[in-house]
Amino acid sequence: MAIENINIISESVEKENALSSQSVKSNESVIVKSAKSAESVIAVSTTDLTVWFYERTGVENININIKKDSVTAIIGPSGCGKSTFLRALNFMHDLTPGAKVTGEIKILGKDITEFNGVEIRKKVGMVFQKANPFPTMTIYDNVISGLKLNGMHKKSFYDELVESSLIHAGLWKETKDRLKVSAYSLSGGQQQRLCIARTLAVKPEIILMDEPTSALDPISTGNVENTIHDLKKEYTIVIVTHNMQQASRVSDYTAYFYLGKLIEHGKTSTIFTNPKEKLTEEYITGKFG
Ligand SMILES: Nc1ncnc2c1ncn2[C@@H]1O[C@H](COP(=O)(O)OP(=O)(O)OP(=O)(O)O)[C@@H](O)[C@H]1O
Ligand SMILES: [Mg+2]
């Protein structure tokens, strides 16, 4: 089957469609209510999202609805567009030479073009593959580094914020007695959780993570996964991973990308046990990739 002909499946879209057709059968007030509730549970929505690098595309016609307060794993072989998709969600292609983004992206119901760069990065935080704390800064200063840019506050405000962010990131116990030492004294896994704490301190609603544990040992990976698990009560998380076990452990929904297209999107349990598309099945059973 040609990739172009693959019918992209998105459970959320299906659900939304079901919801709206149901509403049409009843009355107008129900329609309004359904539309509102559908909107309020969707954190990120894209329509025909395409990212161009000069004449070539990194991702093509991505249509997806990502549910609020859930973890969505993005999986797929190297070069299929996972990072490209993620980066589109907080303007990171703006600085890439030759990059152009077309189609529509809605963040919490609002078109992304209505935000400026600072606003979008407050709403949509990003954690990278390689932990990147500021090397000359202390643990404490690293946590609040995203914030100082937004104006000064009292010391007690920062103290509380550092504590709550480190607690949320699962790093407080290990660092509370050494907040004023260099972030470089932390292990790789601790540095990655510090980067998560730094992201949380800005109080985003959506957190994008691009292979956040690929450079970590299994114990540190487990700690970061526990952190992700705790965070999903309050945050919408989109995580790119090459690790299938990780995707099945941490995510509620999984999206499978292949050659720049979204092939299938649905509940993680369904994608891993009963995928609808042959391409998904081949990938998750290790036939390629
Ligand atoms: N800055 C860029 N300039 C030109 N092409 C790019 C750029 N960034 C990505 N691409 C291309 O877009 C496609 C998707 O790349 P992307 O980095 O999103 O893949 P990926 O799924 O994240 O891969 P990996 O698993 O290896 O990280 C690739 O063909 C890549 O070469
Ligand atoms: Mg990538």
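Draft legend 1. Molecular detail of the pairing of strand β9 (residues 236-240). Of all five residues making up β9, five are buried, and the element is well covered by its neighbours. Residue alternation in β9 divides its side chains into two sets, T236, V238 and V240 and I237 and I239, and both sets are buried. The handedness of the strand β8 (residues 206-210) to β9 crossover, carried by helix α10 (residues 218-231), is right-handed.

Draft legend 2. The site of ligand 1, seen in detail. In the vicinity of ligand 1, 13 residues are found, and the nearest of them are S78, G79, K82, T84 and H242. Contact distances for ligand 1 include 2.8 Å between an oxygen atom and a side-chain N or O atom of S83. In isolation ligand 1 offers 630 Å² of accessible surface; the protein chains occlude 63% of this area. If one sorts the elements of the shell around ligand 1 by residue count, helix α3 (residues 82-88) sits on top with three residues. Here the residues of the shell around ligand 1 are counted per class, giving three nonpolar, eight polar and two charged.

Draft legend 3. Structural view of the pairing of strand β4 (residues 71-75). Counting buried positions over the five residues of β4 gives five, a clear majority of the element. Judged by which residues are buried, β4 turns out to be covered on both faces: V71, A73 and I75 on one side and T72 and I74 on the other are all buried. With four bridges joining them, β4 and β9 adopt parallel strand pairing. Bridge pairing in β9 places A73 opposite I239. Of the strand pairs in this sheet, β4 and strand β10 (residues 253-258) are connected by four bridges, and their pairing is parallel. Residue I75 lies in a different strand from β10, and its bridge partner there is Y256.

Parameters and conventions
- Residue indices begin from 1 for each chain and proceed along its sequence in written order.
- Each chain gets a letter, beginning with A, and each ligand a number, beginning with 1, in the order they are written.
- For this predicted model, a pLDDT threshold of at least 70 governs which residues receive local features, and a threshold of 80 or more governs which side-chain atom pairs are given and counted, while totals over whole chains, interfaces and linings are taken from all residues.
- As a rule here, side-chain values cover all heavy atoms of the structure and leave hydrogens and water aside.
- Exposure categories follow from relative accessible area, calculated using a 1.4 Å probe and restricted to protein chains: below 20% of the type maximum is buried, above 50% is exposed, and the middle band is partly exposed.
- Here a strand is any run of E in DSSP of at least two residues, a helix any run of H or I of at least four, and the numbering for each starts at the N terminus.
- Clockwise travel from the first strand over the helix to the second, with the strands pointing away from the viewer, marks a crossover as right-handed.
- What makes a residue near a molecule or strand is one non-hydrogen atom of that residue sitting within 4 Å of it.
- Here a polar contact is recorded for every N or O atom pair within 3.5 Å, except that within protein the pair must consist of a potential hydrogen donor and a potential acceptor, and residues adjacent in sequence are included only if both atoms are side-chain atoms.
- Surface exposure here means Shrake-Rupley accessible area, sampled with a 1.4 Å probe, where a residue is shielded only by the protein chains that are shown.
- Any residue outside Ala, Val, Leu, Ile, Met, Phe, Trp, Tyr, Cys, Pro, Asp, Glu, Lys and Arg is labelled polar, Gly included; the first ten of those are nonpolar and the last four are charged.
- One requirement defines pairing of two strands: DSSP has to find at least two bridges between them.

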